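A closer look at the structure
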Amino acid sequence: MVKALAISIQARVPTLVWGPPGTGKSSTILMLGRSLDIPVEVVIASIREPADFSGLPIVDDGEVRMAPPAWARRLAQAGRGILFLDEISTAPPAVQAALLRVVLDRVVGDLPLPAGVAVVAAANPPEQAAGGWDLAAPLANRFCHLQWRLDAAAWADGMVQGWPAPAVPRLPDNWEAGIPAARALVASFIRSRPHLLLQVPREEAAAGRAWSSPRTWDMAARLLAAAQAAGADEDAVAELVAGCVGEGPALEFLGWRRSLDLQDPEQLLANPASYRHPARGDQVYATLAAVVAAVVARPTQERWRAAWEIIARAVQAGAPDMAAAAARALAGVRQSNWSLPVESIRSLAPILRAAGLM
């Protein structure tokens, strides 16, 4: 869980850690800040007013501005850091409403926080909190939810030997290059399981935890790319995906991903003739989506033309619908000075017309 939390902080996906009081959630988050060498601003949500997040109105030069508090200004000056919202499950509904823009857009009053600021929250389950509230569904859906688990043996060792700084996986500088491929994978899954795109829980308590929506699937794709770049194990990947979309959809997605057995898109772009047409429709879509995502991530004329050849081979193998979706995305990548791959496009003419590209 600590590895998953470290990855989500570096990927700047808002994360909420759930667990009983007195189990070390806050101290671990502070320790992660020290390990990552970034400042941490602790804000106790339960003792704050809505104006502490939406800003205090002041008159400046004849205009009313929403002035941010000191902790927001310190984060803005640092350019990076962690905004740690502690005891968020004891924040009343009015404060939760004020937090919506802070968590999603990282804007406090009229002050946008830098892109290098991560939002992390900690909460006790409402039944264990002092005057606890269930999280409102709109606020809950802005977080990746991680469940804090206490390891008695590790705690006993720490009591005797002291608690060392946790081993923190580091993201490489270019980790975001993997986001298009992760989004293509998630899109392929949703295309085959459309009912999992949006599942709003009916019970108020469940709506205050992780559930699937277009927003949380996008968060899951970002965290999937970050976890892969960090070399995280499958347990950490499962924690992160389930923390975004809920356990049921996450288990289905991870099982589907294991069954894909896709060809490497980079190898396909280097040698389009090596394309092997998959047996299942979702595998075809995932393969073509991965190829297009690879071109989007590193667009060159040679790679763009190779992708058209792969799409043409998919059409010849009997997958025109899948090819049309990939062709529509690939057409948007072309730069004005790139010549068209005439032979590939000629075989795709009916598909391109149907997609409105000719």
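Heads up: these notes are all about the structure in this document.

Basis of the calculations
Residues numbered from 1 in each chain as written. Predicted model: local features only at pLDDT ≥ 70, side-chain atom pairs only at ≥ 80, totals over all residues. Heavy atoms only, no water. Helix = DSSP H or I, 4+ residues; strand = E, 2+ residues; numbered from the N terminus. Buried < 20%, exposed > 50% of the residue type's maximum accessible area, 1.4 Å probe, protein only. Contact = heavy atoms within 4.5 Å. Lys, Arg positive; Asp, Glu negative; His and termini not counted. Charge placed at Lys NZ, Arg CZ, Asp CG, Glu CD. Axes fitted to C-alpha atoms, helices over the stretch in contact; angles between N-to-C directions. Parallel < 35°, antiparallel > 145°, perpendicular 65-115°, else oblique. Left-handed = near helix turned anticlockwise from the far one by under 90°. Nonpolar A, V, L, I, M, F, W, Y, C, P; charged D, E, K, R; others polar. Core = buried A, V, L, I, M, F, W, Y, C linked by side-chain atoms within 4.5 Å. Phe/Tyr/Trp six-rings, centres within 6.5 Å; stacked < 30°, edge-to-face > 60°. Pairing = 2+ DSSP bridges. Expected span 1.5 Å × (residues − 1). Arc of directions from axis to C-beta. Polar contact = N/O pair within 3.5 Å; in protein donor to acceptor, adjacent residues only side chain to side chain. Salt bridge = Lys/Arg side-chain N within 4 Å of Asp/Glu carboxyl O.

The next subject is the overall build of the chain. On a plain count of helices and strands, the chain comes out with 18 helices and nine strands. With respect to the three principal axes, the spread of C-alpha positions in the chain is 65 × 60 × 40 Å. When each of the 358 residues of the chain is scored for burial, the buried share is 49%. Considering only residue pairs separated by 6 or more positions, the chain has 78% of its internal contacts joining residues 24 or more positions apart. Averaging the positions of the 33 positive and the 34 negative side-chain charges in the chain gives two centres separated by 7 Å.

So, on to the packing of helix α1 (residues 2–11) against helix α11 (residues 234–245). At a minimum axis separation of 9 Å, α1 and α11 run at an interaxial angle of 60°. In terms of axis orientation, α1 runs oblique to α11. The element α1 and its partner α11 pack so that their crossing is right-handed. Two secondary-structure elements touch here, α1 through Ala4, Ile7 and Ser8 and α11 through Ala236, Glu239 and Leu240. When grouped by side-chain class, the residues that make up the contact of α1 with α11 number four nonpolar, one polar and one charged.

With that out of the way, let us pick up the nonpolar core. Core analysis: the biggest nonpolar cluster contains 52 residues, and Leu5, Ile9, Cys144, Trp217 and Phe253 have the highest contact counts within it. Residue contributions to this core peak at 10 residues, all from helix α10 (residues 214–230).

Right, let's get into the environment of alanine 329. For alanine 329, the location among the structural elements is in helix α16 (residues 320–331). For the pair formed by alanine 329 and valine 296, sequence separation is 33 residues and the distance between their alpha carbons is 9.1 Å.

Within this structure, the stated rule accounts for eight aromatic pairs. Residues phenylalanine 189 and phenylalanine 253 carry aromatic rings whose centres are separated by 5.3 Å and whose planes lie at 80° to one another, so their mutual orientation is edge-to-face. Note that phenylalanine 189 is positioned in helix α8 (residues 179–192) and phenylalanine 253 in helix α12 (residues 247–260), a separation of 64 residues in sequence. For phenylalanine 253, a relative accessible area of 1% corresponds to the buried category.

As a further point, take unusual backbone geometry. Of note, aspartate 37 is a non-glycine position whose phi angle comes to about 60°, a positive value. Along the chain, aspartate 37 turns up in the loop between α2 (25–36) and β2 (40–44).

Turning next to the sheet that holds β2. Spatially, five strands are ordered β2-β5-β8-β1-β9 in an open sheet, and the strand pairing comes out parallel. Looking at which strands have only one partner, the edges of the open sheet turn out to be β2 and β9 (144–147). Averaged over all neighbouring strand pairs, the angle between strand axes comes to 20°, with direction disregarded. Pairing of β2 with strand β5 (residues 80–86) involves five bridges; the strand directions are parallel. Residue pairing across strands places isoleucine 44 opposite aspartate 86, the latter belonging to β5. Sitting on the sheet, helix α4 (residues 70–78) is in contact with β2, β5 and β8 (116–123), with an inclination near 155° to β5.

Across its 16 residues, helix α15 (residues 301–316) extends 23 Å between first and last C-alpha, which sits within 8% of the 22 Å expected from 1.5 Å per residue. Of the positions making up α15, those classed as buried are Arg303, Trp304, Ala306, Ala307, Trp308, Ile310, Ile311, Ala312, Ala314 and Val315.

For the rest of this paragraph, the subject is α12. Its 14 residues place the ends of α12 20 Å apart at the C-alpha level, agreeing with the 20 Å of an ideal helix rising 1.5 Å per residue. The complete set of buried residues in α12 reads Pro249, Ala250, Phe253, Leu254, Trp256, Arg257 and Leu260. What you see down the axis of α12 is that its buried residues fit within an arc of 160°, all on one side. In α12, the exposed positions angled more than 90 degrees off the buried face are occupied by Glu247, Leu251 and Arg258. Considering only its buried residues, α12 is in contact with α8, α10, α11 and α14 (281–297). Phi turns positive one or two residues past the end of α12, at aspartate 261, with a value near 55°.

Okay, the side chain of glutamate 41 next. Position of glutamate 41 among the secondary structure elements: in strand β2. Judged by relative accessible area, which is 15%, glutamate 41 ranks as buried. Side-chain polar atoms of glutamate 41 contact the side chain of arginine 74, separated by 2.7 Å. Not counting the four nearest positions on each side in its chain, glutamate 41 is found in contact with Trp71, Arg74, Leu75, Ile82, Leu83 and Phe84.

Per the stated rule, a full pass over the model turns up 12 salt bridges. A salt bridge links arginine 74 to glutamate 41; the shortest N-O distance between them is 2.7 Å. Pair noted here: arginine 74 is in helix α4 and glutamate 41 is in strand β2, with a separation of 33 residues, a long-range link. When salt bridges with common partners are traced through the structure, they connect Arg12, Glu176 and Arg222 into a single cluster.

Attention now goes to the side chain of serine 188. Among the structural elements, serine 188 can be located in helix α8. Beyond its immediate chain neighbours, meaning those up to four positions away, serine 188 contacts Trp256, Tyr285, Ala286 and Ala289.

On to the environment of leucine 113. Its place among the elements puts leucine 113 in the loop between β7 (111–112) and β8. The exposure class assigned to leucine 113 is buried, which follows from its relative accessible area of 7%. For the pair formed by leucine 113 and leucine 139, sequence separation is 26 residues and the distance between their alpha carbons is 18 Å. Discounting residues that sit within four places of it in the chain, leucine 113 has contacts with Ala72, Leu75, Leu83, Arg106 and Val108.

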